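# Observations on the model geometry
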Protein chains: 2
Amino acid sequence: METAGEQGNYAHDVLAVVLRITGSVPSVLLWQRAREPHAGRWALPGGRLGPDEDVEASVRRHLAEKVDLAEVAHVEQLGVFSDPHRGPPPRRVATAFLGLVPSDADPAVPDDTAWHPVDALPETAFDHGAITRDGVDRLRAKLSYTNIGFALAPDAFTVSELRDLYAAALGHRVSATNLHRVLTRRGVLVPTGETAPPGPSGGRPAAMYRFSEHELRVTDPFATLRPPGAAV
Amino acid sequence: METAGEQGNYAHDVLAVVLRITGSVPSVLLWQRAREPHAGRWALPGGRLGPDEDVEASVRRHLAEKVDLAEVAHVEQLGVFSDPHRGPPPRRVATAFLGLVPSDADPAVPDDTAWHPVDALPETAFDHGAITRDGVDRLRAKLSYTNIGFALAPDAFTVSELRDLYAAALGHRVSATNLHRVLTRRGVLVPTGETAPPGPSGGRPAAMYRFSEHELRVTDPFATLRPPGAAV
DNA sequence: CCATGTTTTCGACCACGAGGCGAAAACCAC
DNA sequence: GTGGTTTTCGCCTCGTGGTCGAAAACATGG
C-alpha cells in the first residue's frame, strides 16, 4: 500500500509571492499563462517539486528562471494550499513562499513576466490571488516586529526613503520621527556616516543608514509575558 | 509532462503535534510504530492525504483515529517538511499541524498511543522530534500575543490554575497578578461570578474565570508601528 | 472567639516603548 | 541675508507590563 505512483500521490508545486516596492507601490511578480488551464491568466512563479530538493530549494530553483536569485533578499515559507478544487484535475498540492526584492533592484524578467501592483491584480490563475494576499499580509505583520525591512530597502537609504517604503507596504502613513527612533532603539538601523544631497528645493541633507543585519530577526520584546527579572 | 502517476508525484502526509498540559508538564501525543521503517520508535499521529480533502480536513480525520476530536480545542498549520532524506524511500512530503487539548480533558487513546512529556521525548521516528519542538515553540510564542490559552485551559478556572498552565507551557515562572491584569485588560478573560473553594490549608476563595472567545485572536497592539491616531 | 497562617486579589509605583508635536539644524534659491 | 524646505532631535504623554506590598477572605488551633 505504499508503492509509488499510485492513488494517494499528488504533484507537489512550489509557488512564490515575490514582492517589491517601487514608487510607493507594492507589486507582485506574475507571469501570464500561455496554455490551458487558465490560459491568459496571471500566475505566481513556481513549478514542480523535484526529487532531490526540499521545497525551499525548489522554489529558489524555479524562481531563478524568472529573476536573478541574487536580487531576492529574503525567502520564507507561507504555508500549504491543498484545497482539492484549487485547480482542475489532476490534483496539485502547493507550498507557497514569500520572497522580497529590494526597491533599488530591477531584475530582468522574461517576456511573459511582469510586476503587478497588489492593489490592482489582473485576473489570476487558480488560487494565486488569495495566496498573494496571504503574502502581503505576512509582510505587513512582520514589518512591525522584525527587521524584515532589510529585504525591501536598498543597501543604504535615508529615513525618509525608508518611511515611504514602510508606508507603502503597511498601507498607512508612517512618521519618520517614530520610525527612526523605533528602529534605531532596536539596533536594526545603523548610520553609515554619509549624507544624501538634498533635493532641488533644498532642505537639510539626510543621513544615510543601513540595516545592521540582513538576516531575519524577531524583536524580542514583542513577546509579552516575559520571565521574571528579564532585563528588557 | 503533466500526466498523473509519474515522476514528480509524492505521497503527502499530514502530521499533528498534539499538546496538552497536565500537572504542570506539557506532553505530546505519540504512538509507537509496530512496523518498519523505524519499528518501535514513537511517531506523531497522522497519515496519508486523501483525494477529497485538504490538509486540515485530513489531519482532523487521522486525528480522530487516535483521540476524540471534540477534545482538540485548536488546530493550526505549522508548515511543510520536505527534506528528501527525512525518511527512507519512497519520498514523502508532510504538512505538520499543531493541536491543543485542554488540561481537564483526558481522551481515551489506543493501546499503542500515549502522552510523552516534551522535555523527555522517547526515540522518535523520522523527523518527528524536530517537528514536535517546532510545535512547542509555536505554542510558546503565541501564548504571549494571542488568546491561545483558551485551548489549554478548562472551561472555567482560577487565575492560579491558569498561571500554572502558562508557567508550564512557557518554561518559566509567571506572576498571577500580572497574568490576571494583562489578560483582563485585553478582554480575553471574563469572570464567571463563581468562586472556587479554598484548599485544605485555607486561603481566600479564588474567583473563577473563562476565556471570552474560543477562537484564536491576535492581540492587536502587539503590532507596533501603528497607523497615525490609532486608538490603542 | 481570637490569633495565626495561607491564598487570592488589588492598588501603587516604576520602567519602557511608542505616538505626537514643535523647535532647531542644515540645506537651497533668490 | 531672507524665506522656504527637509531632516533631526528633544520633550511630553500614554499605554503596557513587571514588582511589591497591603488588604481580603478563608482555615485551623488554642
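Residues numbered from 1 in each chain as written. Chains lettered and ligands numbered in written order. Predicted model: local features only at pLDDT ≥ 70, side-chain atom pairs only at ≥ 80, totals over all residues. Heavy atoms only, no water.

Below, the discussion takes up the environment of L183 of chain B. Residue and element names in this part refer to chain B. Inspection of the secondary structure assignment puts L183 in helix α4 (residues 176-185). For L183, a relative accessible area of 1% translates into the label buried. Sequence separation between L183 and F211 is 28 residues; the distance between their C-alpha atoms is 9.2 Å. (Helix = DSSP H or I, 4+ residues; strand = E, 2+ residues; numbered from the N terminus. Buried < 20%, exposed > 50% of the residue type's maximum accessible area, 1.4 Å probe, protein only.)

Before going further, it helps to examine the confidence of the model for chain A. Chain-level statistics for chain A give a pLDDT mean of 92 and a share of 92% at 70 or above. Low pLDDT, under 50, characterises residues 1-5 of chain A; the predicted model gives this stretch six contacts beyond four residues in sequence or across chains. (pLDDT = per-residue confidence, 0-100. Contact = heavy atoms within 4.5 Å.)

Once that is clear, we can look at the sheet that holds strand β9 (residues 189-196) of chain A. Judged by pairing direction, the sheet is antiparallel, and its three strands sit side by side in the order β8-β10-β9 (chain A) without closing on themselves. Strands with a single pairing partner mark the edges of an open sheet, and in this sheet they are β8 (157-158) and β9 of chain A. (Pairing = 2+ DSSP bridges.)

Two aromatic rings, taken as a pair, are described by how far apart their centres are and by the angle between their planes. Residues and elements named next belong to chain A. Under the defined criterion, the tally for this structure stands at two aromatic pairs over all chains. Taking the centre distance of 5.4 Å and the plane angle of 45° together, the rings of F157 and F211 count as tilted. Here F157, found in strand β8, pairs with F211, found in strand β10 (residues 206-211); they are 54 residues apart in sequence, far enough to count as distant. Each of the two residues, F157 as well as F211, counts as buried. Above the ring of W115, the side-chain terminus of R20 is found at 5.0 Å from the ring centroid. (Phe/Tyr/Trp six-rings, centres within 6.5 Å; stacked < 30°, edge-to-face > 60°. Lys NZ or Arg CZ within 6 Å of the ring centre and 35° of its normal.)

Residues and elements named next belong to chain A. Compared with the 26 Å implied by 1.5 Å per residue over 18 residues, the 27 Å span of helix α2 (residues 128-145) between its first and last C-alpha is a close match. Taken as a whole, α2 has its buried residues at H128, G129, I131, T132, G135, V136, L139, K142, L143, S144 and Y145. Buried residues belonging to α2 abut β1 (9-22), β2 (25-32), β3 (42-43), β5 (74-81), β6 (92-101) and α3 (159-170). (Expected span 1.5 Å × (residues − 1).)

On to the sheet that holds strand β8 (residues 157-158) of chain B. Residues and elements named next belong to chain B. An order of β8-β10-β9 is seen for the three strands of this open sheet, with the pairing classed as antiparallel. In this open sheet, the two strands that pair with only one neighbour each are β8 and β9 (189-196). Note: β9 against strand β10 (residues 206-211), five bridges, orientation antiparallel. Note on β10: the bridge partner recorded for A196 is A206.

A few words on unusual backbone geometry. All names here are of chain A. The amide bond that connects P89 to the next residue, P90, takes the cis arrangement and shows omega of 0°. Here S24, not a glycine, exhibits a phi torsion of approximately 65°, which is positive. With respect to the helices and strands, S24 occurs in the loop between β1 and β2. Owing to a relative accessible area of 46%, S24 belongs among the partly exposed residues under this scheme.

Below, the discussion takes up the pattern of salt bridges. Using the criterion set out here, one finds 24 salt bridges over all chains in the structure. Note that E76 of chain B and R138 of chain B form a salt bridge whose closest N and O atoms lie 2.8 Å from each other. In this pair, E76 of chain B is assigned in strand β5 (residues 74-81) and R138 of chain B in helix α2 (residues 128-145), connecting sequence segments 62 residues apart. Of the residues examined, E76 of chain B reaches a relative accessible area of 8% and is grouped as buried. Note on R138 of chain B: relative accessible area 25%, which makes it partly exposed. Ionic pairing is found between D164 of chain B and R163 of chain B, a salt bridge with its closest N-O pair at 3.2 Å. With relative accessibility at 36%, the residue D164 of chain B sits in the partly exposed group. Here the salt bridges share partners, and the residues they tie into one network are E76, R138 and K142 of chain A. (Salt bridge = Lys/Arg side-chain N within 4 Å of Asp/Glu carboxyl O.)

Moving on: the packing of α2 of chain A against α3 of chain A. All names here are of chain A. The N-to-C vectors of α2 and α3 enclose an angle of 135°; their axes lie 9 Å apart at closest approach. Regarding the angle of α2 to α3, the classification is oblique. For the pair α2 and α3, the crossing hand works out as left-handed. Each of L139, R140 and L143 in α2 lies in contact with α3, whose residues at this interface are Y166, A169 and L170. Broken down by class, the residue content of the contact of α2 with α3 amounts to five nonpolar, no polar and one charged. (Axes fitted to C-alpha atoms, helices over the stretch in contact; angles between N-to-C directions. Parallel < 35°, antiparallel > 145°, perpendicular 65-115°, else oblique. Left-handed = near helix turned anticlockwise from the far one by under 90°. Nonpolar A, V, L, I, M, F, W, Y, C, P; charged D, E, K, R; others polar.)

Attention now goes to the nonpolar core. Ranked by size, the top nonpolar core spans 42 residues in total, and within it L19, L139, L162, Y166 and F211 of chain A carry the most contacts. Looking at this core, the elements with two or more residues in it are β1, β2, β5, β6, α2, α3, α4 (176-185) and β10 of chain A. Tallying contributions element by element places α3 of chain A first for this core, with eight residues. In this structure, F211 of chain A is in contact with N147, G149, F150, A153, F157, L162, Y166, V188 and L189 of chain A, ignoring residues within four places of it in sequence. With 41 residues, the next largest nonpolar core counts L225 of chain A together with L19, F150 and L183 of chain B among its residues. (Core = buried A, V, L, I, M, F, W, Y, C linked by side-chain atoms within 4.5 Å.)

Attention now moves to the side chain of R86 of chain A. Residue and element names in this part refer to chain A. Of note, R86 is situated in the loop between β5 and β6. On the basis of relative accessibility, which here comes to 13%, the residue R86 falls in the buried class. At 3.1 Å, the side chain of R86 forms a polar contact with the backbone oxygen of R92. Those residues in contact with R86, other than ones at most four positions away along the chain, are L15, F81, R92, V93, A94, F126, D127, H128 and I131. (Polar contact = N/O pair within 3.5 Å; in protein donor to acceptor, adjacent residues only side chain to side chain.)

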